[in-house]
Amino acid sequence: MILRAEKAREKVARAGAKMARAGLVVGTWGNVSYRVLHEDLAVITPSGMPYDALMPRDIVVVDLKGNVVEGERKPSTELELHVAIYRARPDVCAVMHTHSVFASAMAAARMPIPPMVEDLAQLVGGEVPVAEYGPAGSRELAEKVVSALGEGNAVLLANHGMVGVGEGLDEAFNVCQIVEKAAQIYLWASLAGMPVALSRGEVLKLRKDYLTVYGQQ
Ligand SMILES: [Zn+2]
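Here, residues in each chain are numbered from 1, in the same order as that chain's written sequence. Per-residue local features of the predicted model are confined to residues with pLDDT of at least 70, and side-chain atom pairs are confined, for both listing and counting, to 80 or more; whole-chain, interface and lining totals are unaffected and use all residues. Neither water nor hydrogens contribute to the side-chain values; these are computed over all heavy atoms in the structure.

Colleague: Kindly report on the coordination of the zinc ion, identifying the contributing residues and their values.
Modeller: Six octahedrally arranged donors around a metal ideally form angles of 90 or 180 degrees; four tetrahedrally arranged donors ideally form angles of 109.5 degrees. The donor set covers N, O and S atoms within 2.8 Å of the metal, switching to 3.2 Å for Na, K and Ca, and it leaves out water, so a site may look short of donors. For the zinc ion, every protein donor is listed as His97 (NE2), His99 (NE2) and His160 (NE2), and the spread of their distances is 2.0 Å. The sequence motif formed by the donor residues of the zinc ion is H-x1-H-x60-H. Of this pair, His97 sits in strand 5 (residues 94–98) while His160 is found in the loop between strand 7 (154–157) and strand 8 (161–166), placing the two residues 63 residues apart along the sequence. For His160, a relative accessible area of 16% puts it in the buried group. Strands here mean DSSP runs of E at least two residues long; helices mean DSSP runs of H or I at least four residues long; both are numbered from the N terminus. Summary of the burial criterion: residues with accessible area below 20% of their type's maximum are buried, those above 50% are exposed, and those between are partly exposed, where the area comes from a 1.4 Å probe applied to protein chains only.

Okay, structure coming up:
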């Protein structure tokens, strides 16, 4: 296998362990994938294996139609969801699907998360929409997620969990963490009163500043 796919397998094994350590999934649920640049391939976590024991050889290499190219393990049951996102979004190189508690609570209520805190506005740039319900692992779910995701980087899956995407695994992981935090804040703020969303203008400014002046570059 080409070197890039081998490197991608190592990164996905590490990202899966990080996702589990952060409490974004319980047990073997959730999944992570990474695009192999210039190859029309991706690598994805295997179905139903503990994240803390994943080795790079357990990560499955697939093409963007969802066929296994290399690997002895069975790929994640949400393979179709991952490759459908890569086909629809050439800018996306990493996909993380989590079952984190507060995002899943919003998904169970089928309520979008409004942009009411600055880090969500910066990283997601608007509300987190809800994809209509589709059975886990189905093509129907994949199509609904791609449709609701649009050009964004986060989406809730009705009665299921969430998906975060990014140019890399770190970004997809950050999106999943910030959405989980925002869902938690929204639900706690709802106990205190009605959470107030930032105005569209404020959200756009926060997003623009984040992309252009935030950090060290
Ligand atoms: Zn799931």
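Colleague: How would you summarise the sheet that holds strand 3 (residues 60–63) if you had to cite specific residues and measurements?
Modeller: Backbone-to-backbone hydrogen bonds join strands into a sheet, with any given pair of strands oriented parallel or antiparallel. Two strands pair under a simple rule: DSSP has to find at least two bridges between them. The mixed open sheet is built from eight strands, whose spatial order is 4-3-2-1-5-8-7-6. Of all strands in the sheet, those bounded by a partner on one side alone are strand 4 (68–70) and strand 6 (130–131).

Colleague: Explain the nonpolar core to me, using residue names and the numbers behind them.
Modeller: The nonpolar side chains of a soluble globular protein tend to be buried, and buried together. In these notes, a set of buried Ala, Val, Leu, Ile, Met, Phe, Trp, Tyr and Cys residues joined through side-chain atoms within 4.5 Å is what counts as a nonpolar core. Among the nonpolar cores identified, the biggest contains 44 residues, and Ile113, Leu120, Leu156 and Val179 are the most heavily contacted of them. Counting only elements with at least two residues in this core, the list comes to helix 1 (3–21), strand 1 (31–36), strand 2 (41–44), strand 5, helix 3 (101–109), helix 4 (118–124), strand 7 and helix 6 (169–192). A per-element tally of this core places helix 6 first, with 10 residues. Ignoring sequence-local partners within four residues, the contact set of Leu156 consists of Ala103, Met106, Ala107, Met111, Ile113, Val128, Pro129, Val130, Ala131, Gly161, Met162 and Val179. Grouped together as the second largest cluster of nonpolar side chains are 22 residues, Val60, Leu79, Val83 and Leu157 included. In what follows, residue pairs with any heavy atoms lying within 4.5 Å of each other are defined as contacts.

Colleague: Go over the pattern of salt bridges, please, and point to the residues and values.
Modeller: Whenever a carboxyl oxygen of Asp or Glu lies within 4 Å of a side-chain nitrogen of Lys or Arg, that contact is scored as a salt bridge. Under the criterion given, the structure shown has 12 salt bridges. We note a salt bridge from Glu70 to Arg9, for which the minimum N-O separation is 3.4 Å. Here Glu70 is found in strand 4, whereas its partner Arg9 is found in helix 1, with 61 residues between them in sequence. Of the residues examined, Glu70 reaches a relative accessible area of 28% and is grouped as partly exposed. A relative accessible area of 5% places Arg9 in the buried class. The residue Glu140 makes a salt bridge to Lys144 at a minimum N-O spacing of 2.9 Å. In this pair, Glu140 and Lys144 both sit in helix 5 (residues 139–149), four residues apart, roughly one turn of the helix.

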